[in-house]
There are 2 protein chains.
Amino acid sequence: MDSKEILQQHIAKTASLTDDQFDYFFSHFKPQSFKKGQTIIGAGDKVDCEYFVISGCLKAFFINDEIKMYILQFAMPTWWTSDYTALYNQTPATINVDCITDVELLCLSNGDREKLCEEFHQVEHFFRWRTNKGYIASQKRLLSFMNNNVKIRYEELLALYPQLYNLVPKHLIAAYLGVSRETLSRLYNP
Amino acid sequence: MDSKEILQQHIAKTASLTDDQFDYFFSHFKPQSFKKGQTIIGAGDKVDCEYFVISGCLKAFFINDEIKMYILQFAMPTWWTSDYTALYNQTPATINVDCITDVELLCLSNGDREKLCEEFHQVEHFFRWRTNKGYIASQKRLLSFMNNNVKIRYEELLALYPQLYNLVPKHLIAAYLGVSRETLSRLYNP
DNA sequence: TTGGTTACGTGATGTAGATCACAATATTTT
DNA sequence: AAAATATTGTGATCTACATCACGTAACCAA
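For clarity, every value in this text was computed on a predicted model and none was experimentally measured.

Once that is clear, we can look at the packing of helix α5 (residues 121-147) of chain A against helix α5 (residues 121-147) of chain B. The contact between α5(A) and α5(B) brings their axes to 8 Å, and the two run at 25 degrees. When the interaxial angle is binned, α5(A) and α5(B) end up roughly parallel. In the crossing of α5(A) with α5(B), the sense of the turn from one axis to the other is left-handed. Its residues placed into classes, the contact of α5(A) with α5(B) shows 10 nonpolar, 14 polar and six charged.

Structure representation (structure tokens):
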């Protein structure tokens, strides 16, 4: 399945566009490929785009005092990622996004998203629902953070995304859970 | 200023509706008043509505094992609140919402919101932006949780909402910060 | 193959914040 | 005003997790 079909099926779940409308919609996306380890957004950058993941895995993360890394999101196929704070407020990036594996992306500029939302009610509908799901997931994660210890959060994460266990190094999982790699290691090597 | 004007000014910041359109929009909101301490949504309830705060202050919170409380949101005038997970998924509430002070609300049902979003592109636009802001704020809070200790989170909270200091008891602020009331107390009484 | 980087495990020790316990004020309610 | 309840402070102790330190194994690149 090519990237166009992947995006089309993704959108079709929440919005109905005719094939012509989708063709036009799709024409605003720019395909991009990156190698493992490459940086897509670096702290301080101007952020113009958000990214729809076709294949591979990315991490969106924050670096504290040039030392500690906190992962906000692992972005997998059919997920969207960017530094949304920077993107919507037109401020320099504080979040980094880079590639855990080789990736293929579709890139959509902020301006084009807003233009498409204006032109098609259904596109606006789609983005409302996407953000809504993100908001709900974010609230849930926050709650888990306050309520649960590392062990439970780790099990929750693996239950939700079993692929991660083999796909990403453990210290990145620790950075997502907000604990040191040593503590995570001791969880399953007691 | 009456509740209609408050809502109108709030909406006007991100969407343009004619007066007639706004009248129609507003007709779907049901005014409600509650006394301090009353419960608006209790865990297990069916959730039909979201609420726009006209006056007063609410808390949206989660209770763990019938013991510990974690506050997800203090809802102040012109804020929206509900158990959005329950509302969008039509599942029983896991979040409680109740009144810290006497409050006046405007209540909008899930069905009416969706209907209005369909009928008016501008309404859909408004709700996309509202959710978007919520998402960004939620990500920011999550990051602060991972990155900062209680003292810094406390200062951040008061910088953002100075009213809270006098409006709500300290143990609720502790429940928002995710620490014990004792620890919070020791922060400013060293 | 070799040398370098990255990943991972594990002991010893330090610390922020939790928990328990009790006391002192405020604030409601009757 | 008296009684009941909610709010806040503070000491003593406990614990989950961080940090530091060191060792081993896997994976690249030259």
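Taken residue by residue, the interface counts 36 residues in chain A and 36 residues in chain B. Both sides of the chain A and chain B interface together cover about 3,600 Å² of buried area, and 65% of this is carbon and sulfur. Contact with chain B buries area across many residues of chain A, yet A:H121, A:R128 and A:M146 alone supply 20% of it, more than any other trio. Across the contact surface, chain A and chain B share four salt bridges.

What follows concerns the protein's contact with DNA strand D. Around DNA strand D lies a shell of 19 residues, among which A:S180, A:T183, B:K170, B:R181 and B:R186 are the nearest. Of everything in DNA strand D that lies within 4 Å of the protein, sugar and phosphate atoms constitute 53%. One of the side-chain N or O atoms of B:N189 is found 3.0 Å from a phosphate oxygen in DNA strand D. Listed by contribution, the elements that provide at least two residues to the surface near DNA strand D are α9 (181-188) of chain A together with α8 (170-177) and α9 (181-188) of chain B. No other element matches α9(B), which puts five residues into the surface near DNA strand D.

So, how was this worked out
- Residues numbered from 1 in each chain as written.
- Chains lettered and ligands numbered in written order.
- Predicted model: local features only at pLDDT ≥ 70, side-chain atom pairs only at ≥ 80, totals over all residues.
- Heavy atoms only, no water.
- Axes fitted to C-alpha atoms, helices over the stretch in contact; angles between N-to-C directions.
- Helix = DSSP H or I, 4+ residues; strand = E, 2+ residues; numbered from the N terminus.
- Parallel < 35°, antiparallel > 145°, perpendicular 65-115°, else oblique.
- Left-handed = near helix turned anticlockwise from the far one by under 90°.
- Nonpolar A, V, L, I, M, F, W, Y, C, P; charged D, E, K, R; others polar.
- Contact = heavy atoms within 4.5 Å.
- Buried area = accessible area lost by both parts, 1.4 Å probe.
- Salt bridge = Lys/Arg side-chain N within 4 Å of Asp/Glu carboxyl O.
- Near = heavy atom within 4 Å.
- Polar contact = N/O pair within 3.5 Å; in protein donor to acceptor, adjacent residues only side chain to side chain.

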